[in-house]
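Single-letter residue listing:
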Amino acid sequence: MNPAPTPTSDRLSDYLAADAVVDHEHPSIRALADALRPGGDDPAEAAEAAFLFVRDEVEHVMDAADPRVTWRASDVLRERVGICHAKAHLLAALLRAQGIPAGFCYQELSVLHGLNAVYLHGKWSRLDARGNRTGAGGEFSLDAEKLAWPVDLARGERDHPEIHPAPAPVVVDFLMTVEPGPGWYEKGLPRTL
């Protein structure tokens, strides 16, 4: 059983902020967030639409064998490709653009895996929009976690329950400096926070 997700800030406004990575004020992010918003008033429906878009319409670089590197949410949207961390940046931007607090969570698998947490109906729920090719199994759920990859403690894997308002600097630094090309994600992707 995974530990309960725990925010590192007690201010929900921190989980709505825009910055250079989660640039949810970008016109393309705003336009897509508006287009994904369903007709009803339930923010969970809007969150699910954003989740499904990122999971299903944005390719994971490993699955697609894509040499491009994206890290800024608007760039991930434009290129429609990104590693798990980049996809998490886009999902956070789409959620925040709709006024839904969203943060960043991590798992230490064979490398550091990035996912999101969303605050809806008075509680935090983790979501993993990595994409469901190559055996991953992330689903939208606000109740039971349905993450892409289970943590295997016997293999030394670790689940970080902390919900961060901003992406981990080690991840952003890596994505901003790595050279694009075949297999770029195998060249130093962080293993720990």
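Up top is the structure.
As a starting point, this report considers the structure included with it. (Residues numbered from 1 in each chain as written. Predicted model: local features only at pLDDT ≥ 70, side-chain atom pairs only at ≥ 80, totals over all residues. Heavy atoms only, no water.)

**Looking at the pattern of salt bridges**
Under the criterion given, the structure shown has 16 salt bridges. A salt bridge links Asp 34 to Arg 37, with the shortest nitrogen-to-oxygen separation between them at 3.1 Å. Exposure remark for Asp 34: the relative accessible area of 45% places this residue in the partly exposed category. The exposure class assigned to Arg 37 is partly exposed, which follows from its relative accessible area of 38%. Here Arg 78 ties to Asp 75 by a salt bridge, and the two come within 2.9 Å at their closest N and O atoms. Here Arg 78 and its partner Asp 75 are both found in helix 4 (residues 73-79), 3 residues apart, which amounts to about one turn of the helix. In this structure Arg 78 comes out as exposed when scored by relative accessible area, which is 56%. Accessibility expressed as a relative area gives 15% for Asp 75, which makes it buried. (Salt bridge = Lys/Arg side-chain N within 4 Å of Asp/Glu carboxyl O. Buried < 20%, exposed > 50% of the residue type's maximum accessible area, 1.4 Å probe, protein only. Helix = DSSP H or I, 4+ residues; strand = E, 2+ residues; numbered from the N terminus.)

**Regarding the side chain of Lys 87**
Its location among the elements puts Lys 87 in helix 5 (residues 84-97). Not counting the four nearest positions on each side in its chain, Lys 87 is found in contact with Val 54, Arg 55, Val 58, Glu 59, His 60, Gly 82, Ala 129, Arg 130 and Gly 131. (Contact = heavy atoms within 4.5 Å.)

**A look at the side chain of Glu 108**
Tracing the chain through its elements places Glu 108 in strand 4 (residues 102-108). Here the side chain of Glu 108 touches His 160 through a polar contact of 2.7 Å, side chain to side chain. Ignoring anything within four residues of it in the chain, the contact list for Glu 108 reads Glu 157, Arg 158, His 160, Arg 191, Thr 192 and Leu 193. (Polar contact = N/O pair within 3.5 Å; in protein donor to acceptor, adjacent residues only side chain to side chain.)

Read these as spatial facts, not as claims about activity.
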